[in-house]
2 protein chains.
Amino acid sequence: MNHHNRLPHLLVIGGGFAGLWATRVLAGAPLRITLLDRSNHHLFQPLLYQVATAGLSAPDIAAPLRHILRRQRNVEVRLGEATSIDPARRQVVLADGTALDFDYLLLASGATHAYFGNDHWAGHAPGLKSLDDALHLRRRLLLAFERAEACTDPGERAAWLSFAIVGGGPTGVELAGTLAEIARHTLKDEFRHIDPASARVRLVEAGPRVLASFPEELSHRARRQLEKLGVEVSTGVPVTAIDGAGYRLGDVFVPARTVVWAAGVAASPLARSLGVPLDRAGRVPVEPDLSVPGQPHVFVAGDLAAVKQANGAAVPGVAPAAKQMGRHVAVAIRARLQGANARPFRYRDFGNLATIGRMAAVVDLHGFKLSGLLAWWFWLAAHVFFLIGFRNRLVVLLNWAWAYWSYQRAARIILGKGGDGERPPAKPE
Amino acid sequence: MNHHNRLPHLLVIGGGFAGLWATRVLAGAPLRITLLDRSNHHLFQPLLYQVATAGLSAPDIAAPLRHILRRQRNVEVRLGEATSIDPARRQVVLADGTALDFDYLLLASGATHAYFGNDHWAGHAPGLKSLDDALHLRRRLLLAFERAEACTDPGERAAWLSFAIVGGGPTGVELAGTLAEIARHTLKDEFRHIDPASARVRLVEAGPRVLASFPEELSHRARRQLEKLGVEVSTGVPVTAIDGAGYRLGDVFVPARTVVWAAGVAASPLARSLGVPLDRAGRVPVEPDLSVPGQPHVFVAGDLAAVKQANGAAVPGVAPAAKQMGRHVAVAIRARLQGANARPFRYRDFGNLATIGRMAAVVDLHGFKLSGLLAWWFWLAAHVFFLIGFRNRLVVLLNWAWAYWSYQRAARIILGKGGDGERPPAKPE
C-alpha cells in the first residue's frame with residue numbers, strides 16, 4: 001500500500017452497521033481507510049436474540065469483516081480495541097499500546113448494556129449485545145431446565161423454572177416470546193421430572209407499556225400476543241433488586257434463577273475521551289452533518305450519536321438509522337475532500353417493526369399498523385432480505401422453515417464451561 | 001415413572017455412538033434406562049474437524065440427547081459427569097456428589113487426548129475431541145493470521161504463519177489439508193500486510209507413513225494429495241518438545257505459534273475405577289460379549305473397549321465400530337433379562353475412509369481402493385448420510401455446496417475471550 005501513503009487516512013472505529021456502511025460507500029475514494037473492530041465479524045444484531053434462544057447458530061448472523069471488504073483495496077481491516085482518543089493529536093490508542101494516527105475519524109463503536117448505577121446486577125442478569133453474550137445467554141437458558149430436572153427440592157425447582165426478562169423494548173419482547181415458545185413447545189416430552197410448559201416467563205417493564213416506541217394501540221396488541229404465547233407481562237413497577245436467587249419487583253421478591261437484562265443500553269465509554277459534553281446515555285450530541293462540535297474531522301454515527309429529527313424526536317438506535325448515518329458520513333467526508341461542506345443529516349423513517357414470537361409481530365409504517373401473523377411475515381421478509389450475504393440468507397430461511405414446522409430449534413447445544421456448567425472442561429489454554 | 005420403579009435399572013455413561021445406539025436399541029425393553037452425559041448433545045465426531053476449521057457451525061453436527069430420545073419412554077437423560085464407579089456396590093458417583101445405583105452398567109465414555117507423559121504440551125498444542133475443543137482450535141487458527149497481519153517483526157510474523165499438526169492419522173490429515181486450503185484459497189485477498197498463502201502447514205508423523213491404518217499404497221497417495229494441497233509432510237521423526245514459540249522435530253527447532261495435537265488418544269480415566277487390568281492406552285480388555293471380566297453386569301463399548309477381531313487385529317476406534325458395539329450390548333442385556341447368554345461380538349468391517357481436503361480422500365473397501373475426487377464423493381455421501389437428523393443433513397450439504405463453489409467457509413467467526421484474544425469481553429458472569 002506504499003503508493004497510498006500520501007492519501008488522507010480515515011480511521012473507522014466499529015464494524016457495525018454505521019462503520020461498515022460508511023466504509024463501503026467510500027470504495028474508490030482517495031483515502032486510506034482503516035476499519036478497527038474488537039471482533040473479526042460484522043454482526044446482524046437484529047437477529048441476535050435468535051442465537052440466544054438457540055434458533056440460529058452464531059455464524060448464521062455474522063460475516064468476517066475481512067471477507068466483506070476483501071475487494072475494496074483502499075481498506076485495511078484491523079482486529080483490536082480502541083481505548084482512548086486524542087482529538088488534538090489526531091491519534092487513537094489501542095489496548096495493545098499501538099497508536100494509530102488519523103486525518104478523519106468515524107467513531108461508531110455503538111452501545112453496551114447499562115445497569116443504571118446497579119453494576120452489581122450484571123453478574124445475575126446478563127445482557128445481549130455480542131455473539132459471546134448470546135452464547136452465554138443460551139447456555140443459561142438451556143441449563144436452567146437441566147437444573148430444574150435434576151432438582152429434588154420443589155422450591156428450588158420452581159426457582160429454576162422462573163424466568164424474568166427485564167425491559168419491555170423490542171429485545172425484551174422478542175426474548176420473552178421466544179422463551180415461552182421454547183418452554184411450551186420445543187422442550188415438550190423431553191423431560192421426565194418437570195413439565196417445561198409450567199415454566200414462568202415474565203416480562204418486566206417499569207414504564208406504563210411494552211414497546212413504548214410504537215403507537216399505544218400496537219403496544220396493547222403486542223401485550224395480548226405475548227400473553228397468548230404464555231408470557232406474564234408486568235408494567236408500571238420497576239425492578240428494585242436482582243441477585244442469584246431472584247429479583248424484587250417493587251416491594252415483592254420473586255424467586256427466579258434466570259434474569260435477563262434487556263432494559264438499558266449506554267453509549268460506548270470511548271466517547272468520553274472526545275472531551276465534549278455527552279447526553280445522559282453517554283451519547284455524543286453531534287452537529288447536523290454528524291461531526292463532533294469543534295472537531296470537524298471527527299464524526300460519530302450509529303447508536304453512539306445523539307441526533308434530532310426534524311420533528312424534534314431523537315433518531316432511534318436501530319439498524320436502518322445506523323446505516324443511514326454511516327452513508328451520510330461517507331458523503332460528508334467525500335465533500336470535505338473536495339473542499340465542500342456536507343448537507344445536514346436527515347433521517348428517513350421507514351417504519352418500526354418488532355417480532356414477538358411464533359407468528360406474532362407488530363409493524364408501524366407511518367400510521368399503517370399491522371399485528372399478528374401478517375406483521376410476522378412482513379418482519380420475516382424484511383429481516384431475511386437485509387441479512388448480509390447470500391449464504392446466510394438461505395441457511396436462516398432453512399432454519400426458520402424447519403423451526404416453524406417442527407417447533408424445534410436448530411442450535412440447542414450447550415457450549416462452554418463444560419456441558420454441565422459446574423466445571424470447566426479439561427481444555428488446554 | 002413410578003410404575004417403572006421395580007424394573008431393572010441400566011445406567012449408560014456417555015451419549016456418543018456406543019451409548020446412544022445401545023439406548024435406542026433398548027426402546028421398549030423392560031428396563032429403566034438413565035443416559036448420563038457431560039454435555040447435552042450427541043456429537044457427530046467424524047465432522048468435528050469441520051467445526052475447528054470453520055466449515056460448519058457447532059450445532060450443525062450436534063443434536064440434543066433429550067430431543068433424540070424424547071419419545072423413548074423408558075429413558076431418562078441426565079446431564080452430569082461420572083467421577084467413579086463402585087462395581088461391588090453397583091453405584092456410580094457424579095461430580096456433584098449424587099450417587100446413582102444400577103443393575104446393569106454400560107460404560108461408553110470414550111477417549112480423550114493423550115500427550116504420552118508430556119502433559120505440559122497440552123497448553124501449547126490443543127487437541128480435538130469436543131465442540132468446545134473445536135471452537136478453541138478455530139479461534140487459535142483464525143487468530144494466528146490476525147496476529148501475523150498485525151506483526152511488524154518478520155521473524156515473529158513467520159512464526160504466526162507457521163502451523164504444525166502433530167499426528168498423521170485421519171484427524172491430522174483432515175486438519176492439515178483443510179488448513180492448507182484455508183491459507184491458499186479462503187483467505188485470499190483479505191489481508192494487506194501478509195500473503196496467507198505463504199503460510200507453512202506441516203503435518204508431522206513420527207511413524208513411517210500417514211494414515212497407517214490404510215494399505216501402504218493409499219498412504220502414499222494420501223501423502224501426494226496432501227502435498228498437492230500445499231501441506232509439508234514429515235514422517236519418521238518424532239516431535240520431542242513443544243512450547244509457545246514452536247516445536248522440536250528430532251533435534252531441529254521449528255518456530256511455530258500454532259501447534260495442534262492429533263497424535264494420541266487415551267481411554268477415559270473412569271475405566272480405572274472398575275478395578276480390572278487395562279491395556280496400555282487405558283482401555284478395558286473385555287469378554288467376547290463386551291462385559292467386564294468378572295463383572296457380568298458391567299459392559300464397555302466404543303473407544304473405551306479393547307476388543308480383538310477374529311483375525312487378531314484390534315477393533316478400530318471409529319464410529320461404525322462404536323455403533324456396532326452399542327447395538328451388541330443392547331442385545332446382550334436383552335438376553336440376560338431372559339436368562340440367556342449373549343453371543344460374542346463380531347465386528348463387521350465395512351471399510352476405511354479418510355478425507356484429505358478439497359476433492360481429495362482415500363477409501364479402502366476390503367482391498368477395493370479409491371483415492372482422489374471419486375473417493376471424496378464417496379466420503380461425502382457416506383458422512384452426510386450418517387449425520388443424525390434431517391435438518392442437519394440439509395444444512396451441512398448446503399454449507400458444503402457453498403464452500404465448494406466459493407472456497408468460502410461459513411463459520412469463520414472468532415468467538416470467546418474477546419475478539420482480539422487479548423482481553424476477556426466485558427461480560428457479566
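Shown above is the structure to which this text applies.
Residues numbered from 1 in each chain as written. Chains lettered and ligands numbered in written order. Predicted model: local features only at pLDDT ≥ 70, side-chain atom pairs only at ≥ 80, totals over all residues. Heavy atoms only, no water.

Chemist: Tell me about the packing of aromatic side chains, and name the residues and values.
Modeler: All names here are of chain A. Across all of its chains, the model carries 16 aromatic pairs over all chains by this definition. Consider the rings of W376 and W377, whose centres lie 5.3 Å apart with planes at 70 degrees: the pair is edge-to-face. W377 sits in the partly exposed class, given a relative accessible area of 44%. By way of ring pairs, the aromatic residues Y115, F116, W121 and W261 are connected into one cluster. (Phe/Tyr/Trp six-rings, centres within 6.5 Å; stacked < 30°, edge-to-face > 60°. Buried < 20%, exposed > 50% of the residue type's maximum accessible area, 1.4 Å probe, protein only.)

Chemist: Residues and numbers for the pattern of salt bridges, please.
Modeler: Close approach of charged atoms lets side chains of opposite charge pair. Residues and elements named next belong to chain B. Using the criterion set out here, one finds 22 salt bridges over all chains in the structure. For E156, the salt bridge is made with R257, and the minimal N-O distance between the two is 2.5 Å. With E156 in helix α5 (residues 154-160) and R257 in the loop between β16 (252-255) and β17 (258-261), the pair connects residues that are 101 residues apart, well separated along the chain. Here R257 falls in the partly exposed class, since its relative accessible area comes to 29%. Here R283 makes a salt bridge to D279, at a shortest N to O gap of 3.0 Å. Accessibility expressed as a relative area gives 22% for D279, which makes it partly exposed. (Salt bridge = Lys/Arg side-chain N within 4 Å of Asp/Glu carboxyl O. Helix = DSSP H or I, 4+ residues; strand = E, 2+ residues; numbered from the N terminus.)

Chemist: Go over the sheet that holds strand β12 (residues 200-205) of chain B, please, and point to the residues and values.
Modeler: Residue and element names in this part refer to chain B. Read from one edge to the other, the open sheet built from 4 strands follows the order β13-β12-β11-β17, with strand pairing classed as parallel. The open sheet terminates on both sides in strands that have one partner only, identified here as β13 (231-235) and β17. Taking each pair of neighbouring strands and ignoring which way they run, the sheet shows an average axis angle of 20 degrees. Bridge count between strand β11 (residues 162-166) and β12: 5 bridges; the pairing is parallel. Residue pairing for β12: I165 is matched across the bridge by L203. Each of β11, β12, β13 and β17 touches helix α6 (residues 170-186); the most contacted strand, β12, lies at about 170 degrees to it. Sitting on the sheet, helix α7 (residues 216-229) is in contact with β12 and β13, with an inclination near 140 degrees to β13. (Pairing = 2+ DSSP bridges. Axes fitted to C-alpha atoms, helices over the stretch in contact; angles between N-to-C directions. Contact = heavy atoms within 4.5 Å.)

Chemist: Just give me the short version of the pairing of strand β1 (residues 9-13) of chain A, but keep the residues and values in it.
Modeler: Residue and element names in this part refer to chain A. Counting buried positions over the 5 residues of β1 gives 5, a clear majority of the element. A two-sided burial pattern is seen for β1, the buried positions comprising H9, L11 and I13 on one face and L10 and V12 on the other. With 5 bridges joining them, β1 and strand β2 (residues 32-37) adopt parallel strand pairing. Residue pairing in the sheet places I13 in a bridge with L36 of β2. For the crossover from β1 across helix α1 (residues 17-25) to β2, the handedness is right-handed. Bridge count between β1 and strand β9 (residues 104-107): 4 bridges; the pairing is parallel. The residue bridging L10 from the neighbouring strand is Y104, located in β9. (Right-handed = clockwise from strand over helix to strand, strands pointing away.)

All we've got here are geometric facts, nothing functional implied.
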